[in-house]
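Listed below are the residues making up each chain.
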Amino acid sequence: MAKKPEGLLIVVSGPSGAGKGTICEILREKLPEMGYSVSVTTRAPRSGEKDGSSYFFKSTYEVKGMIRRDELLEYAEVYGNYYGTPKKYVLDQLREGRDVLIEIDIQGALQIKKRFPEGVFIFIVPPSLKELSARIYKRRTDSEEVIRKRLSSAAAELEYAAEYDYIIVNDVAEKAAGKVLTVLDAERYRVARTYFIIDEICHEKG
Ligand code: 5GP
């Protein structure tokens, strides 16, 4: 009998300031049974961020050790800090048939796509560059220098949209999250993920 498929690997990505964090928070509330990959980072915690929930906050020495031991599915240096996705958690969840959400920058998403082309790759974009700039300034969590770096890379980053499966404009986060849920619903019915049902029907004992 055909095996039931693994869980869905859902990668939510896009330029910083596009609002992927807020969308992922909404998705986690709506889909509490879904796994969520907590990244490691060497950046300092922002106020309100908890170790093990927002990120696993690590030293550069620790992250380099994880890279050497091949414990990260991918990693990238973003604005002078390391960020990486712990491998074991993601692989274990998928094997157990649980969906896993990864919120990640574009470099990381493209690395994951090479290893998991069957994942669902969702690109979140702001309605305009002007709006993106307003959001990043409003956030007030970064230095002027980091803000400038984020803005100057955003326009170039939008060009990577073609590598993804879906583009979702984040105008109002609740609505954008609703669109992601619609995408995920459809993805669950793909033949590659549902063919086992045909097998079950054909082998039904009557
Ligand atoms: P922030 O410092 O604002 O939390 O995140 C900075 C950027 O790093 C964001 O674009 C965020 O999505 C990205 N990021 C977070 N976790 C990871 C990760 O595990 N790997 C990679 N490559 N990027 C990440």
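See the structure shown above.
What you are looking at is a predicted structure, and each value in this text was computed from that prediction instead of being measured.

Overview of the overall build of the protein chain
Now for step 1: The helix and strand inventory of the protein chain stands at 8 helices and 9 strands.
Now for step 2: Taken over the C-alpha trace, the protein chain has a radius of gyration of 18 Å; the compact-globule value for 206 residues is 17 Å, and the two agree within 12%.
Now for step 3: Taken over the C-alpha atoms alone, the protein chain extends approximately 70 × 40 × 30 Å along its principal axes.
Now for step 4: Across the 206 residues that make up the protein chain, the buried fraction comes to 45%.
Now for step 5: In the structure as shown, the protein chain presents an accessible area of about 11,800 Å², 52% of it carried by carbon and sulfur atoms.
Now for step 6: Here the protein chain carries 33 positive and 32 negative side-chain charges, and the mean point of each set is 3 Å from the other.

Focus on helix H4 (residues 106–115)
Now for step 1: Turning to H4, its buried residues number three or more, namely Ile106, Gly108, Ala109 and Ile112. The buried residues of H4 occupy an angular sector of 155° when the element is viewed end-on, so they sit on one face.
Now for step 2: Against the buried residues of H4 lie strand E1 (9–13), strand E5 (72–78), strand E6 (81–86), strand E7 (100–103), strand E8 (120–125) and helix H6 (144–158).

A look at the environment of Ala173
Now for step 1: Note on placement: Ala173 falls in helix H7 (residues 173–188).
Now for step 2: Assessed through its relative accessible area of 18%, Ala173 is described here as buried.
Now for step 3: C-alpha separation for the pair Ala173 and Asp99, spaced 74 residues apart in sequence, amounts to 21 Å.
Now for step 4: In contact with Ala173, other than residues within four places in its own chain, are Thr22, Ile23 and Ile26.

Let's talk about the sheet that holds strand E4 (residues 56–57)
Now for step 1: Spatial ordering of the open sheet is given by E4-E3-E6-E5, a layout of 4 strands whose pairing is mixed. Every interior strand has two partners, whereas the edge strands, E4 and E5, have only one.
Now for step 2: Those strands touched by helix H3 (residues 87–95) are E5 and E6, and its axis lies near 25° from that of E6.
Now for step 3: In the packing of H4 onto the sheet, the strands contacted are E5 and E6, and the crossing angle to E5 comes to about 155°.

Examining the sheet that holds strand E2 (residues 35–36)
Now for step 1: Across the sheet, 5 strands lie side by side as E2-E7-E1-E8-E9; this open sheet has parallel pairing. Of all the strands in the sheet, just E2 and strand E9 (166–169) have a single pairing partner and so form its edges.
Now for step 2: Where E2 lies against E7, 2 bridges are found, and the strand directions are parallel. Bridged to Tyr36 within E7 is Leu101.
Now for step 3: Docked against the sheet, H3 engages E1, E2 and E7, running at close to 150° with respect to E7.

What counts, and where the lines are drawn
Residues numbered from 1 in each chain as written. Predicted model: local features only at pLDDT ≥ 70, side-chain atom pairs only at ≥ 80, totals over all residues. Heavy atoms only, no water. Helix = DSSP H or I, 4+ residues; strand = E, 2+ residues; numbered from the N terminus. Rg over C-alpha atoms; globule rule 2.2 N^0.38 Å. Buried < 20%, exposed > 50% of the residue type's maximum accessible area, 1.4 Å probe, protein only. Areas by Shrake-Rupley, 256 points an atom, 1.4 Å probe, with all protein chains shown as cover. Lys, Arg positive; Asp, Glu negative; His and termini not counted. Charge placed at Lys NZ, Arg CZ, Asp CG, Glu CD. Arc of directions from axis to C-beta. Contact = heavy atoms within 4.5 Å. Pairing = 2+ DSSP bridges. Axes fitted to C-alpha atoms, helices over the stretch in contact; angles between N-to-C directions.

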